[in-house]
Amino acid sequence: QVQLAESGGGLVQAGGSLRLSCAVSGRTFSSYIMGWFRQAPGKEREFVAAIRWSGGTTYYRDSVKGRFAISRDNAKNTVYLQINSLKSEDTAVYYCALSYNSPVLSNDYKYWGQGTQVTVSS
């Protein structure tokens, strides 16, 4: 099985930056997708970004393009989400997840972390 552990969340002023990390451990197949999702108060969980571990193809929701950047470190088996120019609407619990199928559909992600809170003050 796979375990995911997020870190890096916090309280940041609008316009600030954060880098979230997700450490992957346990048994994984050779090809998989790492994704970030978020859930704001009163809203459904939504896709944020994803990266194919092999090859590094990335995917972003429109509202974060140009501000968020997903990357991975193969040696550390860790995926990152660099968040710049934070906005109030970015406030949410951010979840790391692993998929063997679609990069953007939450139901296709088999493993999930516990989440890390990102709060943006305006």
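For the structure, check the block above.
What you see is a predicted model; the values in this text were computed from it and never measured.

A.B. asks: Is there a simple way to think about the sheet that holds strand β3 (residues 18–26) in this case?
C.D. replies: Across a sheet, paired strands are connected by hydrogen bonds in the backbone, their directions being either parallel or antiparallel. Sheet architecture is open: 4 strands sit in the order β1-β3-β8-β7, paired in antiparallel fashion. Whereas interior strands pair on both sides, the edge strands pair on one side only; in this sheet they are β1 (2–7) and β7 (68–73). Strand-to-strand twist in this sheet, taken as the mean axis angle between neighbours without regard to direction, amounts to 15°. Note that β1 and β3 share 6 bridges and pair antiparallel.

A.B. asks: Before we go on, may I ask you to explain the state of the cysteines in this structure?
C.D. replies: In a disulfide, the sulfur atoms of two cysteines are held together by a covalent bond. Per the counting criterion, the structure on display carries 1 disulfide. The partner cysteine of Cys-22 in its disulfide is Cys-96, sulfur to sulfur 2.0 Å. Across the S-S bond of Cys-22 and Cys-96 the torsion is about -80°, and the bridge reads as left-handed. Placement of the pair is Cys-22 in strand β3 and Cys-96 in strand β9 (residues 92–99), with a sequence separation of 74 residues.

A.B. asks: Mind showing me how you'd approach the pairing of strand β11 (residues 116–121) here?
C.D. replies: A regular strand places its side chains so that they alternate between the two faces of the sheet. Burial along β11 is one-sided: the face carrying Thr-116, Val-118 and Val-120 is buried and the face carrying Gln-117, Thr-119 and Ser-121 is not. Where strand β2 (residues 10–13) and β11 come together, 4 bridges link them in parallel fashion. Its bridge partner lying in β11, Gln-13 is registered against Ser-121. Bridge count for β9 against β11 is 3 bridges, and the pairing is antiparallel. In the sheet register, Val-93 faces β11, and the bridge partner there is Gln-117.

A.B. asks: Is there a simple way to explain the side chain of Glu-6 in this structure?
C.D. replies: Position of Glu-6 relative to the elements: it lies in strand β1. An unpaired buried charge is present at Glu-6: no salt bridge exists, and Arg-45, the closest side chain of opposite charge, is 8.4 Å distant. Among the polar contacts made by the side chain of Glu-6, one reaches the main-chain amide nitrogen of Cys-96 at a distance of 2.8 Å. Leave out the neighbours within four places in its chain, and Glu-6 touches Ser-21, Cys-22, Trp-36, Tyr-94, Tyr-95, Cys-96, Gly-113, Gln-114, Gly-115 and Thr-116.

A.B. asks: Please explain the environment of Tyr-32 as it appears in this structure.
C.D. replies: Summarising the element assignment, Tyr-32 is placed in the loop between β3 and β4 (33–39). The class of Tyr-32 is buried, set by a relative accessible area of 6%. Along the primary structure Tyr-32 and Ser-102 are separated by 70 residues, whereas in three dimensions their C-alpha atoms are 9.6 Å apart. Sequence-distant contacts of Tyr-32, defined by excluding residues within four places in its chain, comprise Ile-51, Arg-52, Trp-53, Asn-77, Leu-98, Ser-99 and Tyr-100. A polar contact is formed between the side chain of Tyr-32 and the side chain of Asn-77, at a distance of 3.3 Å.

A.B. asks: Could you clarify how one ought to interpret the pattern of salt bridges in this entry?
C.D. replies: Pairs may arise between side chains of opposite charge once their charged atoms sit close together. Evaluation of the coordinates by the stated rule reveals 5 salt bridges. As a salt-bridge pair, Arg-38 and Asp-90 come within 2.9 Å of each other at their nearest N and O atoms. With Arg-38 in strand β4 and Asp-90 in the loop between β8 (78–83) and β9, the pair connects residues that are 52 residues apart, well separated along the chain. A single burial state applies to Arg-38 and to Asp-90, both of which are buried. Asp-62 is the partner of Lys-65 in a salt bridge, and the nearest nitrogen-oxygen pair spans 3.0 Å.

Quick notes on the rules
- Sequence positions are assigned chain by chain, starting from 1 and proceeding in written order.
- Thresholds applied to this predicted model are a pLDDT of at least 70 for local features of residues and 80 or more for the giving and counting of side-chain atom pairs; totals over whole chains, interfaces and linings are not thresholded and use all residues.
- For the side-chain quantities, the full set of heavy atoms in the structure was used; hydrogens and water were omitted.
- Only strands joined by at least two bridges in the DSSP assignment are considered to pair.
- Secondary structure counts use DSSP, requiring at least four H or I residues in a row for a helix and at least two E residues in a row for a strand, with both numbered from the N terminus.
- Axis lines are fitted through C-alpha atoms, for helices just across the contact stretch, and the angle between N-to-C directions can take any value from 0 to 180 degrees.
- By disulfide we mean two sulfur atoms from cysteines, separated by a distance within 2.5 Å.
- Relative accessibility decides the category of a residue: with a 1.4 Å probe and only protein chains considered, values under 20% of the type maximum give buried, values over 50% give exposed, and everything between is partly exposed.
- When charges are counted, Lys and Arg are positive and Asp and Glu negative, with His and the chain ends excluded.
- Whenever Lys or Arg places a side-chain nitrogen within 4 Å of a carboxyl oxygen from Asp or Glu, that contact is recorded as a salt bridge.
- In protein, a polar contact means a hydrogen-donor-capable atom and an acceptor-capable atom, both N or O and within 3.5 Å, with residues adjacent in sequence counting only if both atoms are side-chain atoms; elsewhere, any N or O pair within 3.5 Å suffices.
- Here, residues are in contact when the closest pair of their heavy atoms is within 4.5 Å.

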